[in-house]
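# Overview (structure and organization)
What follows is each chain in one-letter form.
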Amino acid sequence: FRMGDFYETFLEDAIITSDVLGIVLTKRSNGKAADVPLSGFPYHSLDNYLPKLVKAGYRVAVCEQTEDPAKSKGIVKREVVEVVTPGTLVSDQSLDQKSNNFISSIFIQKDQIGYSILDSSTGEFYIGECTKNQLKERLLKYSPKEIVIPDSMIYSDRDWYISIKPFVSQIENWFFDFNGSYAILIKHFKSKSLKGFGCENMVNGIVAAGALLHHVKNNLNKNINHITKLSPIYSEGFMGLDNFTIRNLEIFDNLFDQNKNGTLISAIDYTKSAGGGRLLRRWLNNPLSNKKQIIGRVGIVEGFVNNGSVLKKIRNSLETTIDLQRVMGKINQRKVSPREVMSLATTLNKISEWKKILKSMNSKPISIIADKFVDSNKIIKKVFSNFNHDLPSQLKQGNIIREGVNKTLDEYRELLNDGKGWILEFEKQMRMTLKISSLKVRYNKVFGYYIDVRKTHQEKIPDTFIKKQTLVNSERFITPDLKKYEEKILNAENYIFEIEGKIFNDICDFLIQNISTINQNAILINKLDVLATFAKIALENNYVKPLFCNNAILDIKEGRHPVIEKVIHSSKKFISNDLNMDVKNNQIHLITGPNMAGKSTFLRQNGLIVLMAQIGCYVPAKYAKIGIVDHLFTRVGASDNIASGESTFMVEMTEAANILNNATGNSLILLDEIGRGTATYDGLSIAWSITEYLHNKSGINARTLFATHYHELTHLETKLKRLYNYHVEVKEFDDEIIFLRSIIKGSADKSYGIQVAKMAG
């Protein structure tokens, strides 16, 4: 509750607030409320404290004063202006600028599921459908902080809940109704149908999307005018990338301590803008499998690689841009500062210069991206012509609107700046008109400005003067002009604040009306940022442009691991390795060799090279020709999932089952040990039969790299014609082993486990 300069909580809420925020619990000192616990903080600290309460797992209703206390009689009116939850936090302090903050909703109809994803800070809104067993993977791509479900759904045992552990909001079942949801969506988007968004037939998805929009608008009291588009989620045209693989390849978090050190994103994310950082994460979660689209992205990167000076200019310019999508979200919630609005216009103002630079590069793919920018001159003009250039961070600090924009505003400012001058001029005029040289204009708190005239000049006073006070030697009068001026000067500050606020809000409304133009440009700026980043890392790290074909091959010369080569000690050189695979001739590479020799690195680096190529990036190699991968699978390392009651071996078998059930002839499979968590003969039998299955089962014969310590498997080379043995080269020297980290043909004769144990102490 807003109480003057404080936000207060009461009773049980106060105890929770005090506990979570570590602030003092107080009480009123008198009256009936003396026993009511209170806990509060200054109103300007809301953005510091509110996220802490929400992250502790609480919904927070913010109750504001909706009347001016100076004008209201009795208790000031208050209303709940918004309800804040983990999925709808928008304050700068609480958001990772390069990550989205998603809220999701789920609707289950037998085995068919509709789901919807929304970031209320940027206005991104997605709709999708899947089967029950696909839901967890679909949600993990977005990692929603909050999931909205019907009241009747039991969720504590669902795999998506166990994996994501989101904040769950349950709402009445009637929210999840097709006709109601469809009506909500077409009313919001002001369209006759949803055909224009490409999701007209997503019946369950529409139910989820409509329920989510209704919940955010009505239950959480959010303004949703900045949500202007509903984007369907398709799996077609994208590489299948499940959560096992994202985790095993350490794309966003490392396996060791779940932070970003040693991850792919830490090695390649040099984006200059927050929106670019978010887009890069989305691309990494959803690499392309459409050859034409991939080549389009790589073409833009190539254009930048060939124009280093232009690349530097564009990247330096991108550094000073503002996050247009999040600023529009703030404008919509009326939480934006004048400075941010000016930065929005300044960012849009850079586009015309970028277009010129991009057009001058003689690169067709780059010209295409330049042509897609939408003219936003009227937006820039509106902001620049109304706002001063040097702006405060808060509206109430004033001096936001330029001189000459509003005549009344200029008058009030002049009044405020030149109050004494007006009084002196008025006094001078009165003396001349009335021919009273001793006439004075004075001010007191009782009745404001007045004219003081000695009694000897009483006969010169006109009828229009109104007598206010009689003293021994003089009379005091007021005139309508003086009263009008007094009102003006005393209220000038309030009027200035009101007029500036109205003009500021009108400009914010104008920006919301032009949101589609702003959003389209924002999306292109993000894309430009990511592709320019790809060019920067290509030039700095000696990456090569990948080539693509439709055959299931992988031909990589001198491939390197993009992360390890950067973190390796400067005294050591990363050893590059070749890979030549073709499902028709050498489909399975069985790799043996000791621990720590580099088998896992080799597997992961080839997975990352394919992933980087299919997001449109250059790759760490001397040459790379890649047959488009439709699904990248990995089974790496050993970890258990005790919370779900799954042992290490069970996790391993689940990952293996996922591969065998979903792989196709165009997939790439990276197996780092199979069957290690059970008895030797059990494990060997499983590994053996999986290898045979991948080789012999028609339709599944995918490109496979299999690293193992089961040396018995090397005998399969004589039985399976498309399986070849490879090993990591090692030199023995005086009972010591030296890892050469080169992958060569043939099988290793032993795993050197005893020597590795000795090295470990």
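Residues numbered from 1 in each chain as written. Predicted model: local features only at pLDDT ≥ 70, side-chain atom pairs only at ≥ 80, totals over all residues. Heavy atoms only, no water.

Moving on to the overall build of the protein. The secondary structure content of the protein amounts to 25 helices and 27 strands. The C-alpha radius of gyration of the protein comes to 35 Å, more than 25% above the 27 Å expected for a compact globule of 761 residues. By the burial criterion, 53% of the 761 residues in the protein qualify as buried. Taking contacts inside the protein between residues at least 6 apart in sequence as the whole, the part at least 24 apart equals 67%. (Helix = DSSP H or I, 4+ residues; strand = E, 2+ residues; numbered from the N terminus. Rg over C-alpha atoms; globule rule 2.2 N^0.38 Å. Buried < 20%, exposed > 50% of the residue type's maximum accessible area, 1.4 Å probe, protein only. Contact = heavy atoms within 4.5 Å.)

So, about the sheet that holds strand 10 (residues 146–150). Strand order in the open sheet formed by six strands is 11-10-7-8-9-12, and the pairing between neighbours is mixed. One side of each edge strand has no neighbouring strand; the edge strands of this open sheet are strand 11 (167–171) and strand 12 (231–232). As paired strands, strand 7 (residues 103–109) and strand 8 (residues 112–119) are joined by seven bridges and run antiparallel to one another. In the sheet register, Ser 105 faces strand 8, and the bridge partner there is Ser 116. (Pairing = 2+ DSSP bridges.)

This next bit is on the confidence of the model for the protein. When pLDDT is averaged along the protein, the result is 89, and 97% of the positions lie at 70 or above. Highest mean pLDDT in the protein belongs to strand 22 (residues 623–627) (97); lowest belongs to strand 27 (residues 736–745) (82). (pLDDT = per-residue confidence, 0-100.)

Moving on, we get to the packing of aromatic side chains. On inspection of all chains with the given rule, the structure shows 21 aromatic pairs. An angle of 10 degrees between the planes, with centres 6.2 Å apart, marks the rings of Phe 107 and Phe 176 as stacked. Here Phe 107, found in strand 7, pairs with Phe 176, found in the loop between strand 11 and helix 5 (178–189); they are 69 residues apart in sequence, far enough to count as distant. On the accessibility criterion, Phe 176 (8% relative accessible area) is buried. Ring-pair connections join several aromatic residues into one group, and the members of that group are Trp 422, Phe 426, Tyr 443, Tyr 449 and Tyr 485. One residue, Arg 297, lies across the ring of Trp 283, its end atom 3.6 Å from the ring centre. Above the face of the Phe 510 ring, Lys 382 is positioned so that its terminal group lies 5.1 Å from the ring centre. (Phe/Tyr/Trp six-rings, centres within 6.5 Å; stacked < 30°, edge-to-face > 60°. Lys NZ or Arg CZ within 6 Å of the ring centre and 35° of its normal.)

Turning to the side chain of Arg 138, a few remarks are in order. Inspection of the secondary structure assignment puts Arg 138 in helix 3 (residues 135–140). Although Arg 138 lies buried, it forms no salt bridge, and the closest oppositely charged side chain, Glu 137, sits 8.4 Å away as judged by the N-O distance. Beyond its immediate stretch of four places on either side in the chain, Arg 138 contacts Tyr 115, Glu 129, Cys 130 and Ser 235. (Lys, Arg positive; Asp, Glu negative; His and termini not counted. Salt bridge = Lys/Arg side-chain N within 4 Å of Asp/Glu carboxyl O.)

The backbone of Asn 221 shows a phi angle near 60 degrees, a positive value even though the residue is not glycine. Tracing the sequence through the fold places Asn 221 in the loop between helix 6 (203–219) and strand 12. For Asn 221, a relative accessible area of 37% corresponds to the partly exposed category. Phi at Glu 673 takes a positive value of approximately 75 degrees, unusual for a residue other than glycine. Classification of Glu 673 as buried rests on a relative accessible area of 9%.

Turning our eyes to something else, we now look at helix 1 (residues 11–21). Within the span of helix 1, buried status applies to Ala 14, Thr 17, Ser 18 and Leu 21. End-on, the buried residues of helix 1 take up no more than an arc of 95 degrees, which puts them together on one face. Turned more than 90 degrees away from the buried face of helix 1 sit Glu 12 and Asp 19, all of them exposed. Buried residues belonging to helix 1 abut strand 2 (6–10), strand 4 (37–42) and helix 2 (46–55). In the segment just after helix 1, Gly 22 is the residue with positive phi, at about 65 degrees. (Arc of directions from axis to C-beta.)

Another aspect to go through is the side chain of Arg 413. Relative to the elements of secondary structure, Arg 413 occurs in helix 17 (residues 407–417). Within the structure, the side chain of Arg 413 is placed 2.4 Å from the side chain of Glu 500, a separation counted as a polar contact. Setting aside chain neighbours within four positions, we find Arg 413 in contact with Asn 399, Ile 400, Ile 401, Arg 402, Glu 403, Ile 496 and Glu 500. (Polar contact = N/O pair within 3.5 Å; in protein donor to acceptor, adjacent residues only side chain to side chain.)

Glancing now at the pattern of salt bridges. All told, the structure shown has 25 salt bridges when counted by the stated rule. In this structure, Lys 98 engages Asp 269 in a salt bridge whose closest nitrogen and oxygen atoms are separated by 3.4 Å. With Lys 98 in the loop between strand 6 (78–84) and strand 7 and Asp 269 in the loop between helix 8 (264–268) and helix 9 (274–285), this residue pair connects regions lying 171 residues apart in the sequence. Residue Lys 330 pairs with Glu 340 through a salt bridge whose shortest N-O separation is 2.5 Å. With Lys 330 in helix 12 (residues 324–332) and Glu 340 in helix 13 (residues 338–349), the pair connects residues that are ten residues apart, well separated along the chain. As far as burial versus exposure is concerned, Lys 330 and Glu 340 are alike and both buried. Connected via shared salt-bridge partners are Glu 82, Lys 222 and Lys 335.

Let us now look at the packing of helix 17 against helix 19 (residues 480–513). Running from N to C, helix 17 and helix 19 cross one another at 130 degrees; their axes reach a closest spacing of 9 Å. As summarised for this structure, helix 17 and helix 19 are arranged oblique, according to the angle between their axes. Handedness of the helix 17/helix 19 crossing: left-handed. Residues Thr 408, Leu 409, Glu 411, Tyr 412, Arg 413, Leu 415 and Leu 416 of helix 17 touch helix 19, and the partners they reach there are Tyr 485, Lys 488, Ile 489, Ala 492, Glu 493, Tyr 495, Ile 496, Ile 499 and Glu 500. (Axes fitted to C-alpha atoms, helices over the stretch in contact; angles between N-to-C directions. Parallel < 35°, antiparallel > 145°, perpendicular 65-115°, else oblique. Left-handed = near helix turned anticlockwise from the far one by under 90°.)

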